[in-house]
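# Structural characterization, general
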Amino acid sequence: MTAKTFQDVVVESPAISHVGLWSTVRSEWIKLISVRSTWWTLGAATVLGIGLTALICGLNADWLASGEADEAPGSFVMWGMMFAQICAIVIGVLAVTTEYGTGLIRSTLAATPHRGRVLVAKMIVVASTLFVFGIATSYLGYLSGNYFLDREGIGVAFDGDVMRAVLGNGLFMAGMGLFGGAAGFVIRHTAAAISIVLAGILIIPNMLLLIPGDVGEWIAKMSPGAAGSVIATPVSFDPTALGPWTGFGVFTAETAALMAVAWLLLRRRDA
């Protein structure tokens, strides 16, 4: 008789092989909220998203009201969210790579043999958390920054592009979390995944602008960070950027492509 391995027994166990998506989501939710890194990162995102917006609006309100400014007040009312979005990447990466670093991923995949279900559950938890957090933080950032603009008579009303940007911050932060999570599954190392994603979003697009002609500019504005971020600000600092929903569509397609790579590698590689 051939001895069965532990994993063979786990896969054949009805109680484990039929673990549903909802049970997996609940498990991933508990993992996410029970580690201090999640709360520290969300706390940093709150300080950056709200505090920096208030600071920048407070420091620039006089200049914006003077008539000499070459930027619209709407460009500043969610300024700090640019940095809070970096925290979304970190949360997405940590939700995946922490388990690879500790070896817990082996237990996770043994308990849920359908590996695609693990990926989907993690991404549901990360995206939903960051979506709600992004909307709340951007709205509070808007209120804090607009307070200083209102004092100078240049306040921005909460309608139109501002409302779209609040929703857009929720969508973009959720997308950044998904992007970071997918990168985590592909790279499986926390520091490497965060470094590579941040380089791809913050550094490489600026280097592409050095390419002569319109080619470099076109590639740069199609990069994930540049394309997706337009939806998260009422007035973009870059007049040549893609439209808000067009850019977010490009970003969504790029995130979906990376997610497909992550799913394929998760199925084929050993834990």
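In case you missed it, the structure is sitting above this.
Below is a summary of the structure that appears in this document. (Residues numbered from 1 in each chain as written. Predicted model: local features only at pLDDT ≥ 70, side-chain atom pairs only at ≥ 80, totals over all residues. Heavy atoms only, no water.)

## As for the overall build of the protein
Each helix and strand in the protein was counted, giving 12 helices and zero strands. From first element to last, N terminus to C terminus, the protein shows the α and β order α-α-α-α-α-α-α-α-α-α-α-α. Overall size of the protein, expressed as C-alpha extent along the three principal axes, is 85 × 40 × 30 Å. Here the protein holds 271 residues, and 44% of them are scored as buried. (Helix = DSSP H or I, 4+ residues; strand = E, 2+ residues; numbered from the N terminus. Buried < 20%, exposed > 50% of the residue type's maximum accessible area, 1.4 Å probe, protein only.)

## A closer look at the packing of helix H8 (residues 161-187) against helix H9 (residues 190-208)
The geometry of H8 relative to H9 is characterised by a closest axis approach of 9 Å and an angle of 130° between their N-to-C directions. Judged by the angle between their axes, H8 and H9 are oblique. The interaxial crossing formed by H8 with H9 has right-handed handedness. Each of Met176, Phe179, Ala183, Gly184 and Ile187 in H8 lies in contact with H9, whose residues at this interface are Ala192, Ala193, Ile196, Val197 and Ile201. Looking at side-chain class alone, the contact of H8 with H9 contains nine nonpolar, one polar and no charged residues. (Axes fitted to C-alpha atoms, helices over the stretch in contact; angles between N-to-C directions. Parallel < 35°, antiparallel > 145°, perpendicular 65-115°, else oblique. Left-handed = near helix turned anticlockwise from the far one by under 90°. Contact = heavy atoms within 4.5 Å. Nonpolar A, V, L, I, M, F, W, Y, C, P; charged D, E, K, R; others polar.)

## Re helix H7 (residues 115-151)
Because the α-helix completes a turn every 3.6 residues, residues three or four places apart line up on one side. If you check H7, its first and last C-alpha atoms are 54 Å apart, about what 37 residues at 1.5 Å a residue would give, namely 54 Å. Where H7 bends most, at Gly145, the angle is about 25°. Once H7 ends, the next one or two residues include Gly153, with phi positive near 75°. (Expected span 1.5 Å × (residues − 1). Bend = angle between axes of the 7 residues up to and from the residue.)

## Details of the packing of aromatic side chains
Enumeration over the complete set of coordinates arrives at 10 aromatic pairs. A centroid spacing of 5.2 Å and a plane angle of 80° characterise the contact between Tyr147 and Phe148, whose relative ring orientation is edge-to-face. A relative accessible area of 48% places Tyr147 in the partly exposed class. What links up through ring pairs into an aromatic cluster is the set Phe172, Phe179, Phe248 and Phe251. (Phe/Tyr/Trp six-rings, centres within 6.5 Å; stacked < 30°, edge-to-face > 60°.)

## Some remarks on the side chain of Ser144
In this structure, Ser144 sits in helix H7. A polar atom in the side chain of Ser144 sits 2.8 Å from the backbone oxygen of Gly141. Ignoring anything within four residues of it in the chain, the contact list for Ser144 reads Ile50, Thr53 and Ala54. (Polar contact = N/O pair within 3.5 Å; in protein donor to acceptor, adjacent residues only side chain to side chain.)

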